[in-house]
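Structural overview
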Amino acid sequence: MWNDQMALLPWGLSRILGITVYLGIPAGLPAYAAVAGAGLTAAGLLLSIGRGRQPA
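Rules behind the numbers
Residues numbered from 1 in each chain as written. Predicted model: local features only at pLDDT ≥ 70, side-chain atom pairs only at ≥ 80, totals over all residues. Heavy atoms only, no water. Helix = DSSP H or I, 4+ residues; strand = E, 2+ residues; numbered from the N terminus. Buried < 20%, exposed > 50% of the residue type's maximum accessible area, 1.4 Å probe, protein only. Patch = residues over 30% accessible without salt bridge, like charges linked within 9 Å, V, L, I, M, F, W, Y side chains within 5 Å. Areas by Shrake-Rupley, 256 points an atom, 1.4 Å probe, with all protein chains shown as cover. Salt bridge = Lys/Arg side-chain N within 4 Å of Asp/Glu carboxyl O. Expected span 1.5 Å × (residues − 1).

Side note on the overall build of the chain
- Of the regular secondary structure elements, the chain holds 2 helices and 0 strands.
- The buried share of the chain, reckoned over its 56 residues, is 4%.

Here it is, written out as structure tokens:
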């Protein structure tokens, strides 16, 4: 049974939060994923800057 908690959140967000709590997904996981994505982006930018344009 779904717990709407007085419908304070939109329907979809309330379901997502309920599932993450039920499965025991840590609250910091989105932050870890964002940091990993930023790191990969920075590495890609550094690699692309290092290559530069090759003379023809």
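Now that the structure is up, let's keep going.
Re a nonpolar patch on the surface
- Nonpolar side chains collect at one region of the surface, where Ile19, Tyr22, Leu23, Ile25, Leu29 and Tyr32 lie side by side and expose about 700 Å² of accessible area between them.
- Residue assignment for the nonpolar patch shows that the elements contributing at least two residues are α1 (11-23) and α2 (29-51).
- Considering each element in turn, the nonpolar patch owes the most residues, 3 residues, to α1.
- Here Ile25 lies in the loop between α1 and α2.

Digging into α1
- Taking 1.5 Å of rise per residue, 13 residues should cover 18 Å, and α1 covers 19 Å from first to last C-alpha, within 8% of that figure.
- Residue Gly24 follows α1 closely and has a positive phi angle near 75 degrees.

Description of the environment of Ala27
- Residue position: Ala27 is located in the loop between α1 and α2.
- Judged by relative accessible area, which is 79%, Ala27 ranks as exposed.
- In this structure, the C-alpha to C-alpha distance between Ala27 and Leu17, residues 10 residues apart in sequence, is 9.9 Å.

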